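This is what each chain is made of:
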Amino acid sequence: MNRNKREKEYYSIDVGDSTFTVLKRYQNLRPIGSGAQGIVCSAYDHVLERNVAIKKLSRPFQNQTHAKRAYRELVLMKCVNHKNIIGLLNVFTPQKTLEEFQDVYIVMELMDANLCQVIQMELDHERLSYLLYQMLCGIKHLHAAGIIHRDLKPSNIVVKSDCTLKILDFGLARTAATGLLMTPYVVTRYYRAPEVILGMGYQANVDVWSIGCIMAEMVRGSVLFPGTDHIDQWNKVIEQLGTPSQEFMMKLNQSVRTYVENRPRYAGYSFEKLFPDVLFPADSEHNKLKAQHVHTHSLVRLSLSPPADWTALLYL
């Protein structure tokens, strides 16, 4: 294809504070979010005849770290295929030569909202359980493929108004390696597992800790461990869950162990105190689940019609 013809395939438009140069098949661009790794907008794809999300990676080649994140996110999204993992629809760059190459656009499925918004709602048992179930299904699929997400948080989990859920943003994900000492600068602070906070070697179970923190936040309506820095984060954990065992202490390097052992000892709170019954919403009247008759797989079959307030929130 000659250069002149290729140039006609793209057009530029200002989206928020950024300029998007995209294929003409994508129209009606609207900003819907931004973060450290890029800006996301919604658009209508005239080829697929559906709404999509387009993420423009923020200066992906400004340094080696950014380049690795961009490459990692693209490769993992291309390789992973699961109903609870965001789907990759297209990827492109408007630049014509390797020398000019600097922008990467990733086209994904468009969802209605992220979990940050959903947490502010009063969810009944069915919806809360179904959302948690889907998170676990998605992360189980990643772990089975040897992938640790490492940055699970409410803003990286998106939902549609029918309660379907998908995990996204693989910029910090990496393949698992048993006993490997990985960087502690992963996972947004509130959702960091102790192994990450204390700079220990860690494995895929750090994602499970993050999901536990997210679940607690969904139930309580507030962050479980709102640390102001990594030291305060550790203090918040032990104050509520108790001082760890000596066996755990022995896995720490000497300087970290000295600090941890010199902290006041805490017994921790009981589950009933952390999650009193009053926090749990009543079952919805139209579809109460009787514990003695429910099998684990029943959640998969639930037809969850969203309440009016759910739909209204998603389309504000």
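Residues numbered from 1 in each chain as written. Predicted model: local features only at pLDDT ≥ 70, side-chain atom pairs only at ≥ 80, totals over all residues. Heavy atoms only, no water.

A. Layout of the confidence of the model for the protein. Across the protein, pLDDT averages 79, with 79% of residues at or above 70. Predicted confidence for residues 175-187 stays below pLDDT 50, and this span has 35 contacts to residues more than four positions away or in other chains. (pLDDT = per-residue confidence, 0-100. Contact = heavy atoms within 4.5 Å.)

B. Representation of the packing of aromatic side chains in the model. On inspection of all chains with the given rule, the structure shows nine aromatic pairs. Ring centres of Phe61 and Phe101 lie 4.9 Å apart, and the angle between their planes is 55°; this geometry places the pair in the tilted category. One end of the pair, Phe61, is in the loop between β5 (50-57) and α2 (64-79); the other, Phe101, is in the loop between β6 (88-92) and β7 (105-109), and 40 residues separate them in sequence. Assessed through its relative accessible area of 39%, Phe61 is described here as partly exposed. Among the residues examined, Phe101 registers a relative accessible area of 33% and is labelled partly exposed. Three or more aromatic residues link up through ring pairs in this structure, and these residues are Tyr10, Phe20, Tyr26, Phe92 and Tyr105. (Phe/Tyr/Trp six-rings, centres within 6.5 Å; stacked < 30°, edge-to-face > 60°. Helix = DSSP H or I, 4+ residues; strand = E, 2+ residues; numbered from the N terminus. Buried < 20%, exposed > 50% of the residue type's maximum accessible area, 1.4 Å probe, protein only.)

C. Looking closely at helix α4 (residues 125-144). Its 20 residues place the ends of α4 28 Å apart at the C-alpha level, agreeing with the 28 Å of an ideal helix rising 1.5 Å per residue. Among all positions of α4, only Glu126, Arg127, Leu128, Tyr130, Leu131, Leu132, Gln134, Met135, Gly138, Ile139 and Leu142 are buried. In the segment just after α4, Gly146 is the residue with positive phi, at about 80°. (Expected span 1.5 Å × (residues − 1).)

D. Fine view of the packing of α4 against helix α6 (residues 205-220). Between α4 and α6, the least distance of the axes is 11 Å, while the angle of their chain directions is 170°. As summarised for this structure, α4 and α6 are arranged roughly antiparallel, according to the angle between their axes. In this structure, α4 contributes Leu128, Leu131, Leu132, Met135, Leu136, Ile139 and His143 to the contact, and α6 contributes Asp207, Val208, Ile211, Ile214, Met215, Met218 and Val219. Of the residues that constitute the contact of α4 with α6, the class distribution is twelve nonpolar, one polar and one charged. (Axes fitted to C-alpha atoms, helices over the stretch in contact; angles between N-to-C directions. Parallel < 35°, antiparallel > 145°, perpendicular 65-115°, else oblique. Nonpolar A, V, L, I, M, F, W, Y, C, P; charged D, E, K, R; others polar.)

E. Inspection of the pairing of β7 at higher detail. Burial runs high along β7: five of the five residues are buried. Bridge count between β5 and β7: five bridges; the pairing is antiparallel. Pairing of Ile54 across the sheet is with Val107, part of β7. Judged from the four bridges that link them, β6 and β7 form a sheet pairing that is antiparallel. The partner of Leu88 across the bridge, within β7, is Met108. (Pairing = 2+ DSSP bridges.)

F. View of the side chain of Arg127. Within the element layout of this structure, Arg127 appears in helix α4. There is a polar contact of 2.6 Å between the side chain of Arg127 and the side chain of Asp124. (Polar contact = N/O pair within 3.5 Å; in protein donor to acceptor, adjacent residues only side chain to side chain.)

G. Structural context of the nonpolar core. The biggest cluster of nonpolar side chains holds 42 residues, and the ones touching the most others in it are Leu115, Met135, Leu198, Ile214 and Met218. Mapped by element, the contributors of at least two residues to this core are α3 (115-119), α4, β10 (157-159), β11 (165-167), α6, α7 (230-241) and α8 (246-249). With residues up to four places along the chain from it excluded, the contact list for Ile214 reads Leu115, Met135, Leu152, Lys153, Pro154, Ile157 and Tyr191. If you look at the next biggest cluster of nonpolar residues, it comprises 15 residues, including Tyr11, Ala43, Phe92 and Val107. (Core = buried A, V, L, I, M, F, W, Y, C linked by side-chain atoms within 4.5 Å.)

H. Geometry of α6. Under the 1.5 Å per step criterion, the end-to-end length of α6 is 23 Å for 16 residues, consistent within 8% with the ideal 22 Å. Turning to α6, its buried residues are Val206, Asp207, Ser210, Ile211, Cys213, Ile214, Ala216, Glu217, Met218 and Val219. Lining the buried residues of α6 we find α3, α4, β9 (147-148), β10 and α5 (194-197). Positive backbone phi, approximately 80°, marks Gly221, located one or two places after α6.

I. Structural view of the sheet that holds strand β8 (residues 113-114). The sheet built from three strands is open, its strands ordered β8-β10-β11 with antiparallel pairing. One side of each edge strand has no neighbouring strand; the edge strands of this open sheet are β8 and β11.

J. Examining the pattern of salt bridges more closely. Taken as a whole, this structure holds five salt bridges when the rule is applied. Measuring nitrogen to oxygen at the nearest pair gives 2.8 Å for the salt bridge that ties Arg25 to Asp45. A residue pair is termed long-range when its members are at least 10 positions apart, and Arg25 in the loop between β2 (18-23) and β3 (26-35) and Asp45 in strand β4 (residues 38-45) qualify at 20 residues. Under the relative-accessibility criterion, Arg25 is labelled partly exposed at 23%. By relative accessible area, which is 1% here, Asp45 ends up buried. The closest approach of N and O atoms between Lys236 and Asp232, which form a salt bridge, is 2.9 Å. Remark: Asp232 and Lys236 occur in helix α7; sequence separation between them is four residues, near one turn of the helix. Overall, Lys236 belongs to the partly exposed group, its relative accessible area being 22%. (Salt bridge = Lys/Arg side-chain N within 4 Å of Asp/Glu carboxyl O.)

K. Region of the structure containing unusual backbone geometry. Positive phi values are uncommon outside glycine, yet Asn28 reaches one of about 60°. Within the secondary structure layout, Asn28 lies in strand β3. Residue Asn28 is classed as partly exposed on the basis of its relative accessible area, which comes to 49%. Of note, Cys163 is a non-glycine position whose phi angle comes to about 80°, a positive value. Its location among the elements puts Cys163 in the loop between β10 and β11. According to the relative accessible area criterion, Cys163 is buried, its value standing at 0%.

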